[in-house]
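Tertiary structure, described
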Amino acid sequence: MHHPDSAPRKSLYYDYQVYPFRRPPELNGETPQHKVVIVGAGPVGLVTALDLARYGIPSVIIEADVQVSHGSRAIVFTRRSMEILQQVGVADRMLEKALTWRYGNSFYKGECVFRMEAPYDEDDRYQPMQNLQQQYLEEYLVDRVMEESLIDLRWGTKVLAVENHTDGVTLSLDTPEGEYTLQSDWLVAADGAKSTVRNLLGPRMEGDSYTGNFVIADIKIDIDLPTERRAYFDPDWNPGNTILMHREPEGIWRLDYQLPTGETAEEALAPESLNQRIQAQLDMIGVDAEWEIDWCSVYSARAMTLPQYVYDRVLFTGDAAHMLPIFGVRGANTGWQDCHNMAWKLAFVIKGWSNNALLNSYSEERVGAAWEIIDEASKSTRFMTPPDCGYRLLRDATLSLSLTQTYVRPLFHWRTSRAHDYLDSRLNCRIDDNHRFSTGPVNGAPLQNIRFSENDYLFDHLGASIYLLYFSEEPELPASLKLLQDAVTEQGIPFEIIRISEKLNVTNRDVKILRDPYGHMCERYGASDGSAYLVRPDQHVAARWKQLDTGDLLKAINQMIIRD
């Protein structure tokens, strides 16, 4: 029988909770058929379940452990991630504790040779980056999951075997009270880089594993430095390598540093080695303060992805689907874009609003995004950790020149995680006016948030639905548009129209109206009276028109959800 460690993990700042195992109905002889089973109660698995629940889709989460993650792990979350977390109801709680930031610094020979500023403007609700330890994030997500009646979170349950059929999935599971079999229509593998589901089913990843290992160490220390990314290149105490530093809540600082070639994880994590290297870094930056290690680990940089993310009734997401270098905060931020893309499509297929081909677009879009990330992240990885003499020569030349030549300094840019554009998606409309717009989010891109007032933003009005953003100053909706909306919603498909209007004399109350009194959104979106944007449930644009035609709109909706 599976007996997970039930002793609360130790931490200098975090109070670990042990979640109890609860006997499932299958151990009492019941054989329910579940809609969706999610393996993995990490950030991606929990968000997937919450996202599916928004569409009324129940799920079972299987987790072998009985506690949230050990150590801070993922700590930097992007603006796009915050927009996704807003959809599932945890963004506000995150902001109560997270440390926000915009700047990244690269140091060489004691000088700041490059300072990066992440974009931010008045329409952004969230800062570019938020620092928060993964334990807190998982705790907030678990609390939110426990409020949701559609989600059954099963702690202390280990996956032994998976049978993938064309019409469903069978899992063999082990628990503290014995083994049982679970039946599900769909399985989502969100069980991380060492995915049990992936290993059992056998799909192989493509890409590269980089040489070299890195230590992550969280230390409790009082350092009077701002919350900014700090990268130190080729320090005297670790020649040829790179050290990263991040501030975390509760007086914790994260240090990442590369190990010499051939050093084992056991050697690197020995107390003497850790103490010597951490103290050397603190001495180098002039910090004289007492400190204590809270958690440490070793990782290697990989840039790999499965060739597809959908295998019959099994869908892979997050690190189970791809393993990306952490430089540029790729992990959870990429995983949330995966599951946010997947959740609405899986829900639409389960509800019968779309056919299984819609899930193929999940694989196409997110595998494409993974390869883009791998290309970008690999450049950063090769600069921070040169894989051979040629790359090291180029990197060292850049370092040397950066002290006197400003033109080379942008080469230090770390290519942070970004929201991906699905420019070639099969869901994008082919008969709209996308090419006629000079500004605004293009087809396949995520929406740009718009600030209407101090605490009112466009994303505050979006939910689990297809949206039409309709720019109109007419008192009423066109009759043909209202008829189309009724025809779509009568099929059960969530489809909402949001009117964007500068004037105050719009009388129609059948749709949501957002006041844009100074035409700010019209300007940012390149819209005029009669323009429209068709938006997918994951907030990506599917079509846009200078002047909306309801016949073209219906075709675009059918294409977006693959009903033709």
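Scope of this entry: the structure provided in the associated data block.

Rules used in this analysis
Residues numbered from 1 in each chain as written. Predicted model: local features only at pLDDT ≥ 70, side-chain atom pairs only at ≥ 80, totals over all residues. Heavy atoms only, no water. Core = buried A, V, L, I, M, F, W, Y, C linked by side-chain atoms within 4.5 Å. Buried < 20%, exposed > 50% of the residue type's maximum accessible area, 1.4 Å probe, protein only. Helix = DSSP H or I, 4+ residues; strand = E, 2+ residues; numbered from the N terminus. Pairing = 2+ DSSP bridges. Lys, Arg positive; Asp, Glu negative; His and termini not counted. Salt bridge = Lys/Arg side-chain N within 4 Å of Asp/Glu carboxyl O. Polar contact = N/O pair within 3.5 Å; in protein donor to acceptor, adjacent residues only side chain to side chain. Contact = heavy atoms within 4.5 Å.

This paragraph deals with the nonpolar core. Counting 111 residues, the largest nonpolar core has Leu468 and Leu534 as its most contacted members. For this core, the element with the most residues is helix H8 (residues 331–351), which contributes 10 residues. Membership of the second largest hydrophobic core comes to 20 residues, among which are Tyr467, Ile498, Tyr525 and Val535.

Note on strand geometry: in a regular strand, side chains alternate between the two faces of the sheet. The buried fraction of strand S22 (residues 466–471) amounts to six of the six residues, a majority that puts the element mostly inside the structure. In S22, alternate side chains face the same way, and those of Ile466, Leu468 and Tyr470 on one face and Tyr467, Leu469 and Phe471 on the other are all buried. As paired elements, S22 and strand S23 (residues 495–501) share six bridges and run parallel to each other. Paired with Phe471 across the bridge in S23 is Ile500.

Tracing the sequence through the fold places Arg544 in strand S26 (residues 541–545). For Arg544, which is buried and forms no salt bridge, the nearest opposite charge comes from Asp432, at a distance of 5.9 Å. Within polar-contact distance, the side chain of Arg544 engages the side chain of Asn434 at 2.8 Å. Side-chain polar atoms of Arg544 contact the backbone oxygen of Pro441, separated by 3.2 Å. In contact with Arg544, other than residues within four places in its own chain, are Asp432, Asp433, Asn434, Phe437, Thr439, Gly440, Pro441, Val442, Asn443, Ala532 and Tyr533.

Once that is clear, we can look at helix H13 (residues 550–560). Three or more residues of H13 are buried, namely Leu553, Ala556, Ile557, Asn558, Gln559 and Met560. Two to three positions downstream of the cap, the backbone nitrogen of Gly551 sits 3.0 Å from a side-chain oxygen, assigning the N-cap of H13 to Asp549.

Another point: the pattern of salt bridges. Throughout the structure, instances matching the rule amount to 26 salt bridges. Between Asp124 and Arg79 there is a salt bridge whose closest N-O contact spans 3.3 Å. On the criterion of sequence distance, the pair formed by Asp124 in the loop between strand S6 (111–117) and strand S7 (129–131) and Arg79 in helix H2 (residues 79–88) is long-range, its members being 45 residues apart. Residue Asp124 shares its accessibility class with Arg79, and that shared class is buried. Close ionic contact of Glu83 with Arg80 constitutes a salt bridge, the shortest N to O distance being 3.0 Å. Of this pair, Glu83 and Arg80 both sit in helix H2, three residues apart, which is roughly one turn of that helix. Glu83 sits in the buried class, given a relative accessible area of 8%. One connected set of salt bridges, linked through shared partners, spans Lys345, Glu365, Arg536 and Asp538.

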